[in-house]
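So you can see what is in the structure, the chains are spelled out below.
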Amino acid sequence: DECMWEWTTQNGVYGRKVTGPNGNHIFLPAAGYRYGSSLSSAGENGNYWSSTPNSNDNNAYNLNFNSGNYNVNNNNRYNGQSVRPVSELTNQSLKNKVRHFSISKEELLFDIYKAYKDARKNKRNKLYQLKYEYNLEENLVNLRDELINGIYKPLPSNCFIIHDPKMREVFAANFRDRIVHHLFYNYTHEVFEKSFIYDSYSCIKNRGTHFGIERLKHHILSVSKGYSKPCFVLKVDIKGYFMSINRNVLLELSRKTLSKFESNNNLDYELIDYLLEIIVRTNPIENCNVLGNVEEWNDLPKEKSLLTADENCGLPIGNLSSQLFSNVYLNAFDQYVKRTLKL
């Protein structure tokens, strides 16, 4: 029930394109079925065995579909129906998926170097940056080759508690991975921001505090009819927002937004999708290095820690990509408040 079933053709073959809630899809040809030596309904019906027998040992459950409907029923196991071998999709299999990028090695290396310069801002004297810079050319070329060959894998993050002044948990990505975050940001932030409402300010260039105050003044004047009638401002906060973001939903929302602009930009969207998938699906707590006293976490509310977040939920505070994705995730709500509620 959570999948979309589209009757379509691929390479001249009729069948169903089945798209899951995470955006992944498979194509099931309408291959018909065999009864004895005869092939029936090819191009009109699809009949696929499941791996599940029913209570009658002679029968098994199967998927049946045509251009009008699809359903699960059971049939005698001597019928000749299709078998589609599938396996569970894992993060590793996603990383190993064959990708075909249109960007050249030279162009990608240039973009990575620009991302490196962005990542090192205000970090020039940090030891980790100096170590990376010591073999800069080799490190950047290696990173380029990992990305272009589709074998890039993020390194473990450092996890620690800060007080600024509120107590917060931070997962700091390896400097090499921060370069990748900046690379993705440089490719996509303008595309994403085109989809935001005008009154979205968080981490957006030229929309800082003063701009927000002027916009607030404008809205108050408008709603109050020049201060002649009362108006109201609602100030709210989402409890444990970053820790509650569902990464599967975020991936779907991001792809949906990017697809709207794909034909309007000279960008390698296959590369962008590759980066998107890796950054969003990476579990920051996997093999993380905990710095400081682990007892500090005893004073941190559970809704503020990735270590206690629900499965497939949570973005690491501190990553540039997390700031961008936090806006993408709430954009649907912003649009609803402005377009539907007319507030």
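For the structure, see preceding data.
Reference entry: report on the structure contained in this document. Here the structure is a predicted model, which is why all the values come from computation and not from measurement.

## Overview of the overall build of the protein chain
Secondary structure summary: the protein chain contains 10 helices and 11 strands in total. What you see for the protein chain is a C-alpha radius of gyration of 25 Å, clearly larger than the 20 Å of a compact globule of 343 residues, by over 25%. Its C-alpha atoms put the protein chain at 75 × 65 × 45 Å along the principal axes. The buried share of the protein chain, taken over its 343 residues, is 37%. Within the protein chain, counting contacts between residues at least 6 apart in sequence, those at least 24 apart form 58% of the total. Counting only carbon and sulfur atoms, one obtains 51% of the accessible surface of the protein chain, whose full area is about 21200 Å². Side-chain charges of the protein chain comprise 42 positive and 37 negative groups, with the mean position of each set lying 6 Å from the other.

## Regarding the environment of G15
Take G15: it is sitting in strand β2 (residues 13–19). According to the relative accessible area criterion, G15 is buried, its value standing at 0%. Along the chain, G15 and N66 lie 51 residues apart, while their C-alpha atoms are 7.7 Å from each other. Those residues in contact with G15 that sit more than four places away from it in its chain are E6, W7, T8, F27, L28, P29, A30 and F65.

## Side note on the packing of aromatic side chains
Within the structure shown, the criterion is met by 14 aromatic pairs. In this structure an aromatic cluster arises from ring pairing among Y113, Y116, Y128, Y132 and F175.

## What to know about the environment of W297
Tracing the sequence through the fold places W297 in the loop between β11 (289–290) and α10 (320–340). With 136 residues separating them along the chain, W297 and I161 place their C-alpha atoms 7.6 Å apart. Discounting residues that sit within four places of it in the chain, W297 has contacts with C159, F160, I161, E169, V290, L291, S305 and L307.

## Some remarks on the pattern of salt bridges
Per the counting criterion, the structure on display carries 11 salt bridges. Residues D199 and R215 are paired through a salt bridge, measuring 2.8 Å at the closest nitrogen-oxygen approach. Taken as a pair, D199 in the loop between α5 (175–194) and α6 (209–223) and R215 in helix α6 lie far apart in primary sequence, 16 residues in all. The residue R255 makes a salt bridge to D273 at a minimum N-O spacing of 2.7 Å. With R255 in helix α8 (residues 247–261) and D273 in helix α9 (residues 269–281), this pair connects stretches of sequence that are 18 residues apart. Overall, the relative accessible area of 19% leaves D273 in the buried class. When salt bridges that share partners are traced, they join K114, D118 and K121 into one network.

## Remarks on the sheet that holds β11
The strand order across the open sheet formed by three strands is β10-β9-β11, and the pairing between neighbours is mixed. Edge positions in the sheet fall to β10 (167–172) and β11, since each of these pairs with one other strand and no more. Here strand β9 (residues 158–163) pairs with β10 via six bridges, running antiparallel. Across the sheet, the residue bridging to C159 is F171, located in β10.

## Comments concerning unusual backbone geometry
Residues D164 and P165 are joined by a peptide bond in cis, for which omega reads -10°. Even without glycine at this site, K225 takes up a positive phi of about 55°. Within the element layout of this structure, K225 appears in the loop between α6 and α7 (241–244). On the accessibility criterion, K225 (59% relative accessible area) is exposed. Unusually for a residue other than glycine, N287 sits at a positive phi of about 60°. With respect to the element layout, N287 can be found in the loop between α9 and β11.

Thresholds applied
- Residues numbered from 1 in each chain as written.
- Predicted model: local features only at pLDDT ≥ 70, side-chain atom pairs only at ≥ 80, totals over all residues.
- Heavy atoms only, no water.
- Helix = DSSP H or I, 4+ residues; strand = E, 2+ residues; numbered from the N terminus.
- Rg over C-alpha atoms; globule rule 2.2 N^0.38 Å.
- Buried < 20%, exposed > 50% of the residue type's maximum accessible area, 1.4 Å probe, protein only.
- Contact = heavy atoms within 4.5 Å.
- Areas by Shrake-Rupley, 256 points an atom, 1.4 Å probe, with all protein chains shown as cover.
- Lys, Arg positive; Asp, Glu negative; His and termini not counted.
- Charge placed at Lys NZ, Arg CZ, Asp CG, Glu CD.
- Phe/Tyr/Trp six-rings, centres within 6.5 Å; stacked < 30°, edge-to-face > 60°.
- Salt bridge = Lys/Arg side-chain N within 4 Å of Asp/Glu carboxyl O.
- Pairing = 2+ DSSP bridges.

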